[in-house]
Amino acid sequence: MRVISFAAIGLLLAIAVAAFVGLRPQPVRVPVRPAPATPLRATIAIAPMDKALTFARSGRGVAAQTILVTRYQDGVVTGVYLTPLLLPGEDAIAAYNRLGYDALTTFVASAKTSVSLDAATLAVPVDLRALHAAVATNYPEHADEAKVEGGPFMFAKVAQPTSSRAAIPASKGLLDYEVELCLVTLSALPANAGAKGGLILCNDVTDRAALLRGADISDIASGKGFTDGKSGTGFLPVGELFVVPRDLKAFVEPLELHLSVNGEERQRTRVTSWIWDLDRLLLETAKRSGGSWTWREGSAQLPVNTDGVLPDRTLVLAGTPAGTVFQGPGPATFVRGAFDWVAKFGQGSLISAIIERTITDDRASGGYLQPGDVVTIRVDQMGAIENRIE
């Protein structure tokens with residue numbers, strides 16, 4: 001009888017401790033609200049032309065005009081229109097491929113006039129595809145905060161890039177941000193040829209609820225759920241500048257990523273703190289050639305053929321550092337999810353119950369992006385992005 005009593009007391013104590021821990025979901029950083037009403041008027045250092053060519057584009061369709069940028073001050077971009085050099089329908093990529101680096105530099109150096117434009121009015125600087133290669137957990141600190149092991153790993157992202165000041169559509173899920181540097185292929189690029197091309201900034205917008213529900217918890221590195229959580233309309237704002245360095249590796253080395261929400265800094269990391277560099281990302285993309293990921297609008301494969309060649313105008317997203325809203329479920333979430341599962345008499349899987357508890361607690365925290373929030377990205381020599389959630 002005494003043994004049974006001690007066992008019962010021990011069980012009750014264990015349940016009490018579990019309940020105490022379980023009733024305390026891990027804190028989530030909530031943005032200051034409301035967001036600042038003043039639009040971004042950034043000053044961005046522009047690389048000298050002997051190190052990189054920096055392009056922007058005003059207007060759309062037949063009215064589009066490409067600019068080679070020489071200055072970015074207080075939200076105003078100054079440069080030289082390339083219109084006299086361009087063939088009908090050409091953008092910066094087409095012009096660079098046809099004329100080359102030096103011809104463009106010579107033209108700008110001899111230009112008699114310049115143009116100044118509000119950076120907020122600029123369009124996507126070049127024509128880009130909607131299927132991209134992306135990497136998860138390519139920065140160690142982000143992998144740690146997300147509690148993901150087995151990375152980095154590649155997956156497909158499906159999203160037509162939108163302009164640097166485009167709104168991000170509000171979501172009923174868990175809307176998160178990710179600042180990333182992206183390689184842009186200028187022509188068909190064999191993965192084993194090394195990283196070549198241009199660079200652009202992006203905000204890799206993510207619905208963490210969709211990602212979690214689709215993920216394979218037993219094999220996160222499969223990438224399941226990532227395409228669904230990171231794809232869709234408005235999920236890929238890109239910077240207003242497109243940069244073609246003369247020496248890609250040397251140009252990337254000093255770059256530092258910065259992201260803030262409603263004026264509060266969330267992410268700041270040197271780009272080259274990554275695990276896989278751009279060369280390795282291309283090779284890893286080729287390794288997953290033929291793989292397929294399902295998402296709510298169908299399925300997607302990485303943009304690489306069986307010979308390991310990526311098409312032109314493809315983005316290779318290089319990963320995000322620590323500081324996202326998502327921090328990965330803690331012990332309390334596992335306990336609370338287990339209680340939910342028991343309360344439903346074990347209906348469904350325990351893993352699903354924990355995932356739904358994670359989503360419920362995270363939504364209630366108020367930490368994820370809400371209508372009116374503003375995400376701002378700034379990187380010297382690469383430009384700025386400012387997106388309001390609407």
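Further up the page is the structure itself.
The following paragraphs examine the structure supplied in this document.

About the cut-offs
- Per-chain numbering applies: the sequence of each chain, read as written, is numbered from 1 onward.
- Owing to the predicted nature of the model, reporting of local features is limited to residues with pLDDT of at least 70; listing and counting of side-chain atom pairs is limited to 80 or more, with chain, interface and lining totals taken over all residues.
- Calculation of side-chain values draws on the structure's entire complement of heavy atoms; hydrogens and water are dropped beforehand.
- Definition used for salt bridges: Asp or Glu carboxyl oxygen within 4 Å of a side-chain nitrogen of Lys or Arg.
- Here a helix means four or more residues in a row that DSSP labels H or I, a strand means two or more in a row labelled E, and each is numbered from the N terminus.
- Note on ring pairs: Phe, Tyr and Trp rings are taken, using the six-membered ring of Trp, and paired if centres are within 6.5 Å. Classes follow the plane angle, with under 30 degrees stacked, over 60 edge-to-face and the rest tilted.
- Working rule: Lys NZ or Arg CZ, within 6 Å of ring centre, within 35 degrees of ring normal, means a charge sits over the ring.
- Summary of the burial criterion: residues with accessible area below 20% of their type's maximum are buried, those above 50% are exposed, and those between are partly exposed, where the area comes from a 1.4 Å probe applied to protein chains only.
- Positive charges come from Lys and Arg alone, negative charges from Asp and Glu alone, with His and the N- and C-terminal ends not counted.
- Two residues qualify as a contact provided that any one of their heavy atoms is within 4.5 Å of a heavy atom in the partner residue.

So, the pattern of salt bridges
Then, number 1: The tally for this structure, following the rule as stated, stands at 24 salt bridges.
Then, number 2: The partner of Asp 228 in a salt bridge is Arg 296, with the nearest N and O atoms 2.9 Å apart. Pair noted here: Asp 228 is in helix α6 (residues 226-230) and Arg 296 is in the loop between β15 (292-295) and β16 (298-301), with a separation of 68 residues, a long-range link.
Then, number 3: The partner of Asp 340 in a salt bridge is Arg 357, with the nearest N and O atoms 2.8 Å apart. Of this pair, Asp 340 sits in helix α9 (residues 331-343) while Arg 357 sits in helix α10 (residues 350-365); the two residues are 17 residues apart in sequence, bridging distant segments of the chain.

Side note on the packing of aromatic side chains
Then, number 1: For the structure shown, the criterion picks out 4 aromatic pairs.
Then, number 2: Between Tyr 96 and Tyr 101, the aromatic rings sit 6.4 Å apart at their centres with planes inclined by 80 degrees, giving edge-to-face as the arrangement.
Then, number 3: The ring of Tyr 101 has Arg 246 sitting right over it, with the charged end atom 3.9 Å from the ring centre.

Section: the side chain of Arg 266
Then, number 1: Looking at the secondary structure, you find Arg 266 in strand β14 (residues 264-270).
Then, number 2: Glu 264 provides the closest opposite charge to the buried, salt-bridge-free Arg 266, at an N-O distance of 4.2 Å.
Then, number 3: Setting aside anything within four residues of it in sequence, one finds Arg 266 in contact with Arg 29, Val 30, Pro 31, Tyr 177, Leu 259, Ser 260, Val 261, Ala 322, Gly 323 and Val 325.

Regarding the environment of Leu 350
Then, number 1: Its location among the elements puts Leu 350 in helix α10.
Then, number 2: Look at Leu 350 and you get partly exposed, because its relative accessible area is 35%.
Then, number 3: For the pair Leu 350 and Gln 370, spaced 20 residues apart in the sequence, the C-alpha separation amounts to 29 Å.
Then, number 4: Beyond its immediate sequence surroundings of up to four residues, Leu 350 is in contact with Ala 338 and Trp 341.

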